[in-house]
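Architecture at a glance
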Amino acid sequence: MTDVHRPDDAPSRGVPRDVAGMPGTAPGTAETWLRIVQVHDRVTRRVDSALHQLHGLSLTGFEALRRIAEAPGERASMSEVAEAVGLSRPGVTSTVGRLVGEGLVTRERSGGDRRLLHARLTPAGRERFDAAARTHDEMVAHLLTLLGDDVGVVTDALARVSAAARTRR
């Protein structure tokens with residue numbers, strides 16, 4: 001009988017073949033992706049629900065209002081709103097159309113280029129945005145406190161991934 005050591009010998013007993021589940025090991029790509037998707041989905045659904053219930057706004061409508069409210073003169077082009085919110089042209093047209101219908105923004109043409117359409121916040125839009133922003137920001141801040149001391153690391157890592165995904169290769 002030969003003295004051949006196989007991986008399942010006594011010296012290796014108790015050492016798991018798959019170390020992914022061990023503390024201190026890096027998660028796999030699939031698990032990381034799943035966590036990103038879950039967090040995005042769960043947080044956006046909770047915030048969207050609160051904004052609907054308390055302020056009559058969807059999360060998308062709120063984000064469009066935020067972009068317009070934070071633009072110079074509380075006025076943003078449709079392409080600026082679409083880019084900030086991640087909407088297509090038809091999507092931003094529909095979202096801004098609902099906000100116009102509620103009296104929260106107005107549409108106006110640019111003086112220099114009549115083809116360029118802008119959305120401008122109305123006083124009612126400013127009031128609704130301010131109230132909804134408090135709800136949104138408090139909810140998000142509360143949920144992100146769960147990151148604890150890792151908030152900077154997570155933010156930096158996600159910023160790198162976002163920047164890389166945005167560039168065309």
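It should be noted that the structure appears before, not after, this text.
My aim in this report is to walk through the structure given alongside it, one point at a time. What you are looking at is a predicted structure, and each value in this text was computed from that prediction instead of being measured.

A few words on the overall build of the protein. When its secondary structure is counted, the protein shows 6 helices and 3 strands. Going from the N terminus to the C terminus, the protein shows its helices and strands as α-α-β-α-α-β-β-α-α. Residue burial in the protein is summarised as follows: out of 169 residues, 23% are buried. For the protein, the share of sequence-separated contacts (at least 6 apart) that also reach a separation of at least 24 residues comes to 52%.

This next bit is on the packing of aromatic side chains. Per the counting criterion, the structure on display carries 1 aromatic pair. A ring pair is formed by F62 and F129, whose centres lie 5.5 Å apart and whose planes are at 15 degrees; its orientation type is stacked. Highlighted residues: F62 in helix α2 (residues 59-70) and F129 in helix α5 (residues 123-144), separated in sequence by 67 residues. The two residues F62 and F129 agree in class, both being buried.

We now examine the sheet that holds strand β2 (residues 105-109). Taken in spatial order, the 3 strands of this open sheet run β1-β3-β2, and their pairing is antiparallel. Every other strand in the sheet has two partners, leaving β1 (75-77) and β2 as the edge strands with one partner each. Strand-to-strand twist of the sheet, defined as the mean angle between neighbouring strand axes without regard to direction, takes the value 30 degrees. Pairing of β2 with strand β3 (residues 117-121), which is carried by 5 bridges, proceeds in the antiparallel orientation.

A word on a nonpolar patch on the surface. Residues W33, I36, V37 and L158 make up a contiguous nonpolar surface patch of roughly 400 Å² in combined accessible area. Here the nonpolar patch takes 3 residues from helix α1 (residues 29-55), the largest share from any one element. Secondary-structure assignment places V37 in helix α1.

Formed by 26 residues in total, the largest nonpolar core has its most connected members in L57, F62, L65, I68, L99 and V105. Secondary-structure elements contributing two or more residues to this core are α1, α2, α3 (78-85), α4 (89-101), β3 and α5. Take this core: its biggest share by element is 6 residues, from α2.

On to the side chain of T95, then. One can find T95 in helix α4. If we skip the residues at most four places from it in the chain, T95 touches T60, G61, A64 and L87.

Among the structural elements, R66 can be located in helix α2. On the basis of relative accessibility, which here comes to 18%, the residue R66 falls in the buried class.

So, on to the pairing of β3. Sheet topology note: the β1/β3 ladder contains 3 bridges and is antiparallel. Directly across from S77, in β3, lies its bridge partner H118.

In this section: the pattern of salt bridges. Scanning the model with the defined rule gives 8 salt bridges in all. Between R35 and E31 there is a salt bridge, with its nearest N and O atoms 3.8 Å apart. Of this pair, R35 and E31 both sit in helix α1, 4 residues apart, which is roughly one turn of the helix. The partly exposed category is assigned to R35, whose relative accessible area is 43%. E31 sits in the partly exposed class, given a relative accessible area of 37%. Between E108 and R120 there is a salt bridge; the shortest N-O distance is 2.9 Å. Taken together, the residues span a long stretch of sequence, with E108 in strand β2 and R120 in strand β3 at a distance of 12 residues. Residue E108 is classed as partly exposed on the basis of its relative accessible area, which comes to 22%. Through salt bridges that share partners, E74, R126 and D130 make up one connected network.

The rules behind these values
- Residues numbered from 1 in each chain as written.
- Predicted model: local features only at pLDDT ≥ 70, side-chain atom pairs only at ≥ 80, totals over all residues.
- Heavy atoms only, no water.
- Helix = DSSP H or I, 4+ residues; strand = E, 2+ residues; numbered from the N terminus.
- Buried < 20%, exposed > 50% of the residue type's maximum accessible area, 1.4 Å probe, protein only.
- Contact = heavy atoms within 4.5 Å.
- Phe/Tyr/Trp six-rings, centres within 6.5 Å; stacked < 30°, edge-to-face > 60°.
- Pairing = 2+ DSSP bridges.
- Axes fitted to C-alpha atoms, helices over the stretch in contact; angles between N-to-C directions.
- Patch = residues over 30% accessible without salt bridge, like charges linked within 9 Å, V, L, I, M, F, W, Y side chains within 5 Å.
- Areas by Shrake-Rupley, 256 points an atom, 1.4 Å probe, with all protein chains shown as cover.
- Salt bridge = Lys/Arg side-chain N within 4 Å of Asp/Glu carboxyl O.
- Core = buried A, V, L, I, M, F, W, Y, C linked by side-chain atoms within 4.5 Å.

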